[in-house]
Amino acid sequence: MSVVQTTVPTEQEQVKDDYSFDQVPKDKRNMGWFSVTNITFGIATAIFYFQTGSVMALQYGAMNAIISAIYAIVIAGVLGTVIAYLSAKSGMNVNLMSRQGFGYIGASLTSFIYASNFIMYCAFEGMILVAAVHAYFPAIPLWLLIIVFGSIVIPLNWFGIKQLDKLQKWSLPIFGIFLVITIIVAFNTPSQVEGHFWAYLPEGVQIGGTALLLCIGMQHGIMGLTALIASDYARFLKPKDIKLGSIMIGFIPQIFCFGVMGLLGVWFGVKLGESNPGIYIVTLLGLGGVVFTMLTQLRINVTNIYSASLSLSNFFENMFGFKPDRRFWVVVSGVAAIALMLGGILDHLGSAMTFQGVLLMAWAAILVTEALVVKKLLKIAPIEYEARQEKLYKWNPVGVVPLVISSVLGTIAALGYMGTFLQNTATFFAAVLASILTILIALFTKGKYYSKQESINKVVQLHMDKSNTKVNINKKATKATTTN
C-alpha cells in the first residue's frame, strides 16, 4: 500500500467514517476529549442562548432567568455526562443506542424526532443570522439572505466530523475575541434601566412562582437537545479518555451555553432593552456585529446539520432500507431548514420549543433510566448495546410505550389542560413519567424484547430445564420400580 493511501483518507473513507449506520470500531475511536469537547462547543457558543436569556429576563425578570440557568446546567449536565459515557463505551450515538430499547422500527420514531429538532434549530439559528445581516444591509431581500446563509452549511458539512473539528478549532479564538469586544462595548453603553441588571423585574412579576416556572419551561426546550447531541461526538472518544471526557463533554458545554451565553443574554437584554441578539449585536458593533453573528451561527448550524443528517440516515434505513450516504441527508436537512425559515418558523418559537422539549427530555430520561436501572441495577436487559437489525425486534415496548404516553400527556399538560403547575413543568413531568414507565414495563416484559438471541437462549434453556426434569422423573420412577 502506498504512503498516500495510508496517510490521506479517500473521499469514500471520509464518508464511511461518519458511521451513520454502525457503531464506531474501537480502532477508530481515536479523538481526545479536548477535540470532542471543542466540537460540542459549537453548540454552546450559539447566539440563540443570548436570545433565550434576553427574552426570559425581559418577560419574567433577570433573577428568574438566572435561577433557571443554574437549574439547566445541573440537569442537562448530568444527563449529558451519562449519555456521553454510554456513547463512548458503546461507540454509538443515541439513535443507534435506542434501537435495542425501542426496537429498530421503534427507534426510527426517535430518529425522526431528533432530526426534525435539529432542522428546526438550524432554522432558528439561521434566522438570527439573517436578521443581523438584514439589519445592516436592509436593501438585501430577506428571502435571498435565507437561501444564501441556509446553503452555506451544506459544503461545510461535506467531510464529516474531521472537517467539523478543524472548523471549530480555528473559529473558536475568533469567537472569543469578538465576544470580549462585544462585552466591552456593551459595558460602555448607557443602560436602558436603572440599578443592577440582576434586580430587573417587569411590572407585576416577582422572583419565583409562575415566572420562575415559565423560565424553567423555556430552558427545557433546549436542555434535552444539548444532552442528547453529545452522543454524536462522544462515540469517537479514545478509550483512555472516556471517564474524564464524558464529564467534560457533559458539563462544559452546558456551563458555557446556559451559564455564560445565557447570562450574558440576560445582561444584554436588560441593559439594551432588546431581546433579539441579531439586532443588538449589530447595534453595538456595526459590521463587526454582522461578522460575529455569522461566525457563531455557522458554528452551531454545521453541528445541527451534521446531527440531523445522521438521524435521517437511521430513519430511512430502518423504515425503508434506503441508504444513500450521509451527504445526501446533509443536502435534505439544509433545504428543509431553508423552507422553515422562508415559512416564518420564528413566529412559532415558544410552541416549538415546548413540544420538542417534552419529546427530547422524555427520550433522554428513558435512555438514562434504561442504562442505570434496567440494565445495571435490575439486570433484565443485555448490558451491551446492539444495533444490528437481524439481532433485534421491530418494537420494544420498554422504550416505545413510555415515550408515546409521556409525550402525549406532557403535551396535553403543556397546553394547560392539567392545571397551571403542570403546564409550567410539563417537560419535567414528562421526563419523570417516562422514567417510571420504563422501569414498570421492563419489569412486566422481563426484558423479552431486547434481543432475539436472548429470547431464543431463554426458550432453549427452558426446554433444556423441562427435558432435564423429565429425565430426572423417569430415573426416579425406574429406580423405584427396580427397588420394588
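Preceding block: the structure.
Residues numbered from 1 in each chain as written. Predicted model: local features only at pLDDT ≥ 70, side-chain atom pairs only at ≥ 80, totals over all residues. Heavy atoms only, no water.

Caption draft 1: Examining helix H13 (residues 277-285) more closely. Most of H13 is tucked away: seven of the nine residues are buried. Along H13, the residues classified as buried are Pro277, Gly278, Tyr280, Ile281, Val282, Leu284 and Leu285. Looking at the residues trailing H13, positive phi occurs at Gly286, about 65°. (Buried < 20%, exposed > 50% of the residue type's maximum accessible area, 1.4 Å probe, protein only. Helix = DSSP H or I, 4+ residues; strand = E, 2+ residues; numbered from the N terminus.)

Caption draft 2: Up close: helix H8 (residues 142-156). Taking 1.5 Å per residue, 15 residues should reach 21 Å; H8 reaches 22 Å between its end C-alpha atoms and fits that length. When H8 is considered as a whole, its buried residues turn out to be Leu145, Ile146, Phe149, Gly150, Val153 and Ile154. Elements in contact with the buried residues of H8: helix H7 (106-136), helix H14 (287-320) and helix H15 (326-342). (Expected span 1.5 Å × (residues − 1). Contact = heavy atoms within 4.5 Å.)

Caption draft 3: Representation of the environment of Thr182. Inspection of the secondary structure puts Thr182 in helix H9 (residues 160-187). Note on Thr182: relative accessible area 0%, which makes it buried. Separated by 99 residues in sequence, Thr182 and Ile281 place their C-alpha atoms 7.3 Å apart. Apart from the residues lying within four places of it in its own chain, the contact partners of Thr182 are Phe268, Leu284, Leu285 and Phe292.

Caption draft 4: Here's a closer look at the nonpolar core. By size, the foremost hydrophobic cluster in this structure holds 116 residues, and its most contacted members are Phe50, Tyr114, Leu228, Phe258 and Trp363. Looking at this core element by element, the count peaks at 17 residues for H7. In contact with Phe258, other than residues within four places in its own chain, are Tyr49, Ala69, Ala72, Ile73, Ala76, Gln219, Ile222, Met223, Thr226 and Leu263. Grouped together as the second largest cluster of nonpolar side chains are nine residues, Ala62, Ala65, Ala211 and Val266 included. (Core = buried A, V, L, I, M, F, W, Y, C linked by side-chain atoms within 4.5 Å.)

Caption draft 5: The packing of aromatic side chains, seen in detail. Under the criterion given, the structure shown has 27 aromatic pairs. On the basis of an interplanar angle of 80° and a centroid distance of 6.3 Å, the ring pair of Phe48 and Tyr49 is categorised as edge-to-face. Relative to Phe328, the ring of Phe322 lies with its centre 5.8 Å away and its plane at 90°, an arrangement referred to as edge-to-face. Its relative accessible area of 39% is what places Phe322 among the partly exposed residues. Here Arg299 stacks its cationic end above the ring of Phe175, 5.9 Å away from the centre of that ring. Above the plane of the ring of Tyr385 lies Lys375, whose end atom (NZ or CZ) is 4.5 Å from the centre. (Phe/Tyr/Trp six-rings, centres within 6.5 Å; stacked < 30°, edge-to-face > 60°. Lys NZ or Arg CZ within 6 Å of the ring centre and 35° of its normal.)

Caption draft 6: Quick look at the packing of helix H4 (residues 48-60) against H13. Closest axis-to-axis distance for the H4/H13 pair is 9 Å, and the angle between their directions is 100°. Taken together, H4 and H13 sit at an angle that is classed as roughly perpendicular. Facing Phe50, Gln51 and Ser54 of H4, the residues of H13 in contact are Pro277, Tyr280 and Ile281. By residue class, the composition of the contact of H4 with H13 is four nonpolar, two polar and no charged. (Axes fitted to C-alpha atoms, helices over the stretch in contact; angles between N-to-C directions. Parallel < 35°, antiparallel > 145°, perpendicular 65-115°, else oblique. Nonpolar A, V, L, I, M, F, W, Y, C, P; charged D, E, K, R; others polar.)

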